[in-house]
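# Secondary and tertiary structure notes
Each chain, letter by letter, is given below.
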Amino acid sequence: VQNNIAVKVVKQEDPDEYIDDHYITAKVKVAFASYPTIRALDIKVETFKGVVQLRGTVDTQEQAQKAGEIAAGVKGVKSVQNNIIVKVVKQESPEEYIDDSVISAKIRAALVAEPTISASDVKVEVYRGVVQLSGFVDTAEQVQKTGEIVAGINGVKSVNNNILVK
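Throughout what follows, the structure given in this document is the object of discussion.

Here is what the cut-offs are and how they apply
- Residues numbered from 1 in each chain as written.
- Predicted model: local features only at pLDDT ≥ 70, side-chain atom pairs only at ≥ 80, totals over all residues.
- Heavy atoms only, no water.
- Helix = DSSP H or I, 4+ residues; strand = E, 2+ residues; numbered from the N terminus.
- Buried < 20%, exposed > 50% of the residue type's maximum accessible area, 1.4 Å probe, protein only.
- Contact = heavy atoms within 4.5 Å.
- Areas by Shrake-Rupley, 256 points an atom, 1.4 Å probe, with all protein chains shown as cover.
- Axes fitted to C-alpha atoms, helices over the stretch in contact; angles between N-to-C directions.
- Parallel < 35°, antiparallel > 145°, perpendicular 65-115°, else oblique.
- Left-handed = near helix turned anticlockwise from the far one by under 90°.
- Nonpolar A, V, L, I, M, F, W, Y, C, P; charged D, E, K, R; others polar.
- Phe/Tyr/Trp six-rings, centres within 6.5 Å; stacked < 30°, edge-to-face > 60°.
- Pairing = 2+ DSSP bridges.

## Some remarks on the overall build of the chain
If you tally the helices and strands in the chain, you get four helices and seven strands. Considering the chain as a whole, with its 166 residues, one finds that 37% of them fall into the buried category. Taking all contacts inside the chain whose residues are at least 6 apart in sequence as the whole, residues at least 24 apart take part in 67%. Element-wise, carbon and sulfur atoms account for 53% of the exposed surface of the chain, whose accessible area totals about 10200 Å².

Spelled out as structure tokens, the structure:
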């Protein structure tokens, strides 16, 4: 009798060498919640191979810096890309201000229409016309193309392209 049994070989890793990206993301979010000066819901966290990207808006530079320090202190974090924007309160007239949600929708539509870019890999934050891009894509060309597309959208004042190549 011959048995055909498939055996899957699994590489044993030292638990200290590898911590799942989802676990790291969750731990960073929990760490934020324990600091009363950090509004955890205002900061988005994404992790890829131990590299943590922070994005969102805070009221002060100190809050942005503290968020980066907190994230860097979480076990398993290899590096932190702190893309948090500090809010600047400026009175604008209705003529010079295009709603951020409108700009964001235009950006999403333009990225979805571009076949060389996976729009779901790109995270977009818009605050008073300033666009912050983050996420992880496959090539440097995709990073560049995404920045070019976004810069051409009506209402975009500037683009902070913090997208990383996987």
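## Quick notes on unusual backbone geometry
In this structure, K49 takes a positive phi of about 50° despite not being glycine. If you trace the backbone, K49 turns up in the loop between strand 1 (43-48) and strand 2 (51-58). The exposed category is assigned to K49, whose relative accessible area is 56%. Its identity is not glycine, yet R128 carries a phi of approximately 55°, on the positive side.

## So, the packing of helix 1 (residues 21-33) against helix 2 (residues 61-72)
For the pair helix 1 and helix 2, interaxial distance at closest approach is 9 Å and the crossing angle is 130°. In this view, helix 1 runs oblique relative to helix 2, as classed from their interaxial angle. Every pair of crossing elements has a handedness; the one defined by helix 1 and helix 2 is right-handed. Where helix 1 approaches helix 2, its residues V28, A31 and F32 are matched on the opposing element by A67, I70 and A71. The residue makeup of the contact of helix 1 with helix 2, split by class, is six nonpolar, no polar and no charged.

## A word on the packing of aromatic side chains
Using the criterion set out here, one finds one aromatic pair in the structure. Look at F48 and F136: their rings are 5.1 Å apart centre to centre, the planes differ by 35°, and that puts the pair in the tilted class. In this pair, F48 sits in strand 1 while F136 sits in strand 5 (residues 130-137), placing the two residues 88 residues apart along the sequence. Owing to a relative accessible area of 24%, F48 belongs among the partly exposed residues under this scheme.

## As for the side chain of N83
Positionally, N83 belongs in strand 3 (residues 79-86). Residue class for N83 comes out buried when judged on its relative accessible area of 5%. When neighbours within four sequence positions are excluded, N83 is seen to be in contact with Q53, L54, R55, G56, Q132, S134 and N162.

## Digging into the environment of E69
You can see E69 is positioned in helix 2. Separated by 13 residues in sequence, E69 and N82 have C-alpha atoms that sit 9.5 Å apart.

## Overview of the environment of Y23
With respect to the element layout, Y23 can be found in helix 1. Distance from Y23 to K75, taken between C-alpha atoms, is 9.9 Å for residues 52 residues apart in sequence.

## Observations regarding the sheet that holds strand 1
With mixed pairing, three strands are arranged side by side in an open sheet as 1-2-3. Edge strands, defined here as strands with exactly one partner in the open sheet, are strand 1 and strand 3. Strand-to-strand, the axes of this sheet are offset by a mean angle of 10°, without reference to chain direction. For strand 2 and strand 3, the ladder comprises eight bridges, and the chain directions are parallel. Among the inter-strand pairings, L54 is bridged to a residue of strand 3, identified as N82.

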